Amino acid sequence: MNDDTITLPWLVIRQDDNGNRNRYRVGRYATRAEAQKIADSLDDRGHKQLYWVERIGQSEDATRN
């Protein structure tokens, strides 16, 4: 990796509450704090989706809030 490459290892994931358990990547972020802020703001909207943060390469069970 060179100095011009930006690493975005943190993902915000959305899971719809539609019985299919479809997962979608909402975005990639440089820090866990940045990703968590986005996930929290989306979650606060009150829709029937579940949002969580996970690091690329980790399972969802290890990082789900």
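Before reading on, note that the structure itself is shown above.
Just so we're clear, the structure is a prediction, and the values are computed from it rather than from any experiment.

I tried to follow the nonpolar core on my own but got confused; where do I start?
Taken as a class, soluble globular proteins show a tendency for nonpolar side chains to be buried jointly. Counting residues in each nonpolar core, the largest one holds eight residues, listed as Trp10, Val12, Tyr29, Ala35, Ala39, Leu42, Tyr51 and Val53. Contributions of two or more residues to this core are made by strand 1 (10–16), helix 1 (32–43) and strand 3 (49–55). If you tally residues by element for this core, the top one is helix 1, at three residues. In this structure, Trp10 is in contact with Gly27, Arg28, Tyr29, Ala30, Thr31, Arg32, Ala35, Val53, Glu54 and Arg55, ignoring residues within four places of it in sequence.

I keep staring at the sheet that holds strand 2 (residues 23–29) and nothing clicks. Help me out?
Working definition: the strands of a sheet are paired by backbone hydrogen bonds and lie parallel or antiparallel to each other. Strand order in the open sheet formed by three strands is 2-1-3, and the pairing between neighbours is antiparallel. Each of the sheet's edge strands pairs with one partner strand only, and the pair in question is strand 2 and strand 3. On average, adjacent strands in this sheet sit at an angle of 25° to one another, irrespective of strand direction. Pairing of strand 1 with strand 2 involves six bridges; the strand directions are antiparallel. Across the sheet, residue Val12 finds its bridge partner in strand 2, namely Gly27. Strands strand 1, strand 2 and strand 3 of the sheet are contacted by helix 1, whose axis makes an angle of about 175° with strand 3.

Conventions adopted
- Residues numbered from 1 in each chain as written.
- Predicted model: local features only at pLDDT ≥ 70, side-chain atom pairs only at ≥ 80, totals over all residues.
- Heavy atoms only, no water.
- Core = buried A, V, L, I, M, F, W, Y, C linked by side-chain atoms within 4.5 Å.
- Buried < 20%, exposed > 50% of the residue type's maximum accessible area, 1.4 Å probe, protein only.
- Helix = DSSP H or I, 4+ residues; strand = E, 2+ residues; numbered from the N terminus.
- Contact = heavy atoms within 4.5 Å.
- Pairing = 2+ DSSP bridges.
- Axes fitted to C-alpha atoms, helices over the stretch in contact; angles between N-to-C directions.

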